Amino acid sequence: MLERAAEPKRTAMLTAVMRHLEAKAIDEALDRF
């Protein structure tokens, strides 16, 4: 799906995924403390 997407859309999708994963990692780190 990413390979067929136009460049601006691909960049936006990857940015959204990275932000989601970053937020999830922060939440899990805070839960451990």
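Further up the page is the structure itself.
Right, let's walk through the structure included here. (Residues numbered from 1 in each chain as written. Predicted model: local features only at pLDDT ≥ 70, side-chain atom pairs only at ≥ 80, totals over all residues. Heavy atoms only, no water.)

### Structural notes on the overall build of the chain
Part 1 of the argument: Regarding its fold elements, the chain presents one helix and zero strands.
Part 2 of the argument: Each principal axis of the C-alpha distribution contributes one length, and for the chain these read about 40 × 15 × 5 Å.
Part 3 of the argument: The buried share of the chain, taken over its 33 residues, is 3%.
Part 4 of the argument: Accessible area for the chain stands at about 3,300 Å²; split by element, carbon and sulfur atoms hold 62% of it.
Part 5 of the argument: One way to put it: in the chain the 6 positive side-chain charges average out to a point 7 Å from where the 6 negative ones average out. (Helix = DSSP H or I, 4+ residues; strand = E, 2+ residues; numbered from the N terminus. Buried < 20%, exposed > 50% of the residue type's maximum accessible area, 1.4 Å probe, protein only. Areas by Shrake-Rupley, 256 points an atom, 1.4 Å probe, with all protein chains shown as cover. Lys, Arg positive; Asp, Glu negative; His and termini not counted. Charge placed at Lys NZ, Arg CZ, Asp CG, Glu CD.)

### Points about a nonpolar patch on the surface
Part 1 of the argument: On the surface, Val17, Met18 and Leu21 cluster together into a nonpolar patch covering about 290 Å² of accessible area.
Part 2 of the argument: Along the polypeptide, Met18 turns up in helix 1 (residues 7–32). (Patch = residues over 30% accessible without salt bridge, like charges linked within 9 Å, V, L, I, M, F, W, Y side chains within 5 Å. Salt bridge = Lys/Arg side-chain N within 4 Å of Asp/Glu carboxyl O.)

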